Amino acid sequence: MACREILGLLQTLGAACFALTSVSAQAQQVRINKLADAAFGTIANFNVDQRRSRSICVFTTPLGTRYQVTATGSGAGGAFTIASGASTMAYEVQWAASAGQTTGTALAAGTALTNLTTAATRSGCTTAPATSASLITILRSATVSAARSGNYTGTLTLLIAPN
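Residues numbered from 1 in each chain as written. Predicted model: local features only at pLDDT ≥ 70, side-chain atom pairs only at ≥ 80, totals over all residues. Heavy atoms only, no water.

Caption draft 1: Main features of the pairing of strand β3 (residues 67-73). The buried fraction of β3 amounts to 5 of the 7 residues, a majority that puts the element mostly inside the structure. Sheet topology places β3 next to strand β10 (residues 156-162); 7 bridges connect them, and they run antiparallel. Paired with Tyr-67 across the strands is Pro-162, a residue of β10. (Buried < 20%, exposed > 50% of the residue type's maximum accessible area, 1.4 Å probe, protein only. Helix = DSSP H or I, 4+ residues; strand = E, 2+ residues; numbered from the N terminus. Pairing = 2+ DSSP bridges.)

This is the structure in structure tokens:
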């Protein structure tokens with residue numbers, strides 16, 4: 001029975017009800033930094049997948065808070081594509097919850113990868129570790145070899161949130 005219900009009953013009896021609750025709350029926060037462009041430059045070898053890995057910093061507070069990452073690209077419906085005029089080229093995105101990785105878990109556009117943890121102990125990774133996650137982008141050789149020549153660009157948006 002809730003305190004309000006008890007209060008109503010006790011007031012009819014001439015008594016009072018007091019509920020003492022101690023609540024300590026801290027907003028969960030997630031920060032990401034040390035991002036940079038994944039420049040592939042001029043690609044000469046079409047027989048090899050082109051892979052770029054960037055170690056970044058993901059920090060959560062309070063420490064130990066789990067986080068999730070959602071990625072969307074600049075293609076139709078948030079697809080991971082880059083474009084040169086009317087020509088487009090698909091790419092893949094992977095995420096690893098530790099720094100220095102060249103492979104990770106594949107991300108699907110607009111779908112959260114959840115239940116991730118970070119080794120970062122300071123906002124901005126100002127103390128060791130300097131980075132705590134890896135963002136990996138991949139242009140598959142079959143996609144590159146079938147693409148038209150051009151200067152391809154696109155945008156990848158990452159949403160990092162408490163889990």
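Next, the rest of the story.
Caption draft 2: Just the sheet that holds strand β8 (residues 113-116), in detail. An order of β8-β3-β10 is seen for the 3 strands of this open sheet, with the pairing classed as antiparallel. The sheet is open, and its two edges are formed by β8 and β10, each paired on a single side. Taking the axes of each pair of neighbouring strands and ignoring which way they run, one obtains an average angle of 20° across the sheet. (Axes fitted to C-alpha atoms, helices over the stretch in contact; angles between N-to-C directions.)

Caption draft 3: A look at unusual backbone geometry. Between Thr-61 and Pro-62 the backbone carries a cis peptide bond, its omega angle lying at 0°. Tracing the backbone shows Pro-62 in the loop between β2 (50-61) and β3. Of note, the amide linkage connecting Ala-128 to Pro-129 takes the cis form, showing an omega dihedral of 0°. Topologically, Pro-129 is positioned in the loop between β8 and β9 (133-139). We note that Lys-34 has phi near 70°; this positive angle belongs to a residue other than glycine. One can find Lys-34 in the loop between β1 (29-33) and β2. In this model, Asn-115 sits at a positive phi of 65°, which is unusual for a non-glycine residue. The topology assignment puts Asn-115 in strand β8. In this structure Asn-115 comes out as partly exposed when scored by relative accessible area, which is 47%.

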